[in-house]
Amino acid sequence: MTSNANPEAPRRDGLYSVRGLTRVYGRGSNALRALNDVSLTVSSGERLGIVGESGSGKSTLIRLMAGLDRPNSGSILYTGREITHLAERQLGFLRASVQLVFQDPRSSLNPRMRVRDIITEPLRSRLVRRHLSRDLEHQARLAEVLEAVGLSIKLADRFPHEFSGGQRQRIAIARALAPQPDVLIADEPVSALDVSVRAQVLNLLADLVRSFGLTLIVVSHDLMVVRHLCDTVVVLRQGEVEERGRAAEVFGNPQAPYTRTLWESVPRFTGGPAQKA
Ligand SMILES: Nc1ncnc2c1ncn2[C@@H]1O[C@H](COP(=O)(O)OP(=O)(O)O)[C@@H](O)[C@H]1O
Ligand SMILES: [Mg+2]
């Protein structure tokens, strides 16, 4: 199965180029600067982790990158195209190419829809359809992505409540894979799951990213998640980039005290920085 079947395949480098992104919520004395002058790039095939404590602006940043929200200022180039000024009807290429997995599959999956409809819905969107490869046959794709996430096609007529939390997140991942995206953005993908199934879902994500050749952007307050999945990392603090670099280096030898504090809050960490013999 190939993932880059979209007609407008992204360039190899500089898939995303984010410059000076600022997002302020509210006005006047209630104004809250959730992101302040954030710049970063994401290359095709990169696996980027965005970490930071709760409220540091992680979800705001990826919502902007997914075209779900508008910044107050700054620019986001996706495959060289500025997306911050586009109207919804012009965002089809982005909707086809960038897919999201949210924290809680209980709220991200429509409880009234059967699994088969949940997964094929993105393929039926008029906006997105134009950007999908013509030979993308819905039922075949349904079977393919269910198999990819380890669920039987026999379960396709069931509703979300008939599944466990881990299975529901697999369904959400299958839905994200269905339109053959180039980029998968996952916001706290295992935080709402039982600890016992987190590793399985993380391993699944790692396998899928490799086998489908996806670019991955993972948001997590949990550094272990990012360490497991990512090769680069951006540390956000109060809406600003505090530190960035290769994951092994940032986690192995964090420069900013804030990053060290994040590490120290990780329970039972192994292989983190400053371990004494
Ligand atoms: N829709 C919104 N309206 C007002 N404030 C918001 C909204 N979304 C987020 N915020 C605020 O912006 C800041 C950053 O939030 P968020 O991006 O969700 O952080 P994170 O994902 O790192 O926890 C927080 O202070 C949060 O309360
Ligand atoms: Mg968040």
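Because the structure is predicted, anything quoted here is derived from the model rather than measured.

1. Examining the packing of aromatic side chains
Phase 1: For the coordinates displayed, the defined rule picks out 3 aromatic pairs.
Phase 2: Each ring, one from Tyr-16 and one from Tyr-78, has its centre 4.8 Å from the other, and the planes form 55°; the classification is tilted. Of this pair, Tyr-16 sits in strand 1 (residues 16-25) while Tyr-78 sits in strand 4 (residues 73-78); the two residues are 62 residues apart in sequence, bridging distant segments of the chain.
Phase 3: Owing to a relative accessible area of 1%, Tyr-78 belongs among the buried residues under this scheme.
Phase 4: Ring geometry for Phe-251 and Trp-263: centres 5.3 Å apart, planes at 85°, overall edge-to-face. Of this pair, Phe-251 sits in helix 10 (residues 247-252) while Trp-263 sits in helix 11 (residues 257-264); the two residues are 12 residues apart in sequence, bridging distant segments of the chain.
Phase 5: Judged by its relative accessible area of 2%, Phe-251 falls in the buried class.
Phase 6: Take Trp-263: its relative accessible area is 1%, and that puts it in the buried class.
Phase 7: Taken together, the ring pairs in this structure connect Tyr-16, Tyr-78 and Phe-93 into an aromatic cluster.

2. Describing the environment of Tyr-16
Phase 1: Taking relative accessible area as the criterion, Tyr-16 reaches 0% and is therefore assigned buried.
Phase 2: Each C-alpha atom, one on Tyr-16 and one on Ile-76, is 7.0 Å from the other, the two residues being 60 residues apart in sequence.

3. With respect to the confidence of the model for the protein
Phase 1: Overall, the predicted model of the protein reaches an average pLDDT of 89, with 91% of residues at or above 70.
Phase 2: The low-confidence segment residues 1-12 (pLDDT under 50) makes 34 contacts with residues lying over four places distant or belonging to another chain.

4. Concerning the packing of helix 4 (residues 115-124) against helix 7 (residues 165-177)
Phase 1: Two elements in contact, helix 4 and helix 7, have axes separated by 7 Å at closest approach and are oriented at 30°. Crossing handedness for the pair helix 4 and helix 7: right-handed. In contact with Val-115, Ile-118, Ile-119 and Pro-122 of helix 4, helix 7 contributes Ile-171, Ala-174 and Arg-175.
Phase 2: In terms of residue class, the contact of helix 4 with helix 7 is built from 6 nonpolar, no polar and 1 charged.

5. Comments concerning helix 8 (residues 195-212)
Phase 1: Here helix 8 spans 26 Å end to end across 18 residues, near enough to the 26 Å set by a 1.5 Å rise per residue.
Phase 2: Taken as a whole, helix 8 has its buried residues at Val-201, Leu-202, Leu-204, Leu-205, Ala-206, Leu-208, Val-209 and Phe-212.
Phase 3: Where helix 8 is buried, its residues contact strand 3 (47-51), helix 6 (138-148), helix 7, strand 7 (183-187), strand 8 (215-220) and helix 9 (223-229).
Phase 4: Remark: Gly-213 follows helix 8 within two positions and exhibits a positive phi of approximately 60°.

Quick notes on the rules
- Residues numbered from 1 in each chain as written.
- Chains lettered and ligands numbered in written order.
- Predicted model: local features only at pLDDT ≥ 70, side-chain atom pairs only at ≥ 80, totals over all residues.
- Heavy atoms only, no water.
- Phe/Tyr/Trp six-rings, centres within 6.5 Å; stacked < 30°, edge-to-face > 60°.
- Helix = DSSP H or I, 4+ residues; strand = E, 2+ residues; numbered from the N terminus.
- Buried < 20%, exposed > 50% of the residue type's maximum accessible area, 1.4 Å probe, protein only.
- pLDDT = per-residue confidence, 0-100.
- Contact = heavy atoms within 4.5 Å.
- Axes fitted to C-alpha atoms, helices over the stretch in contact; angles between N-to-C directions.
- Left-handed = near helix turned anticlockwise from the far one by under 90°.
- Nonpolar A, V, L, I, M, F, W, Y, C, P; charged D, E, K, R; others polar.
- Expected span 1.5 Å × (residues − 1).

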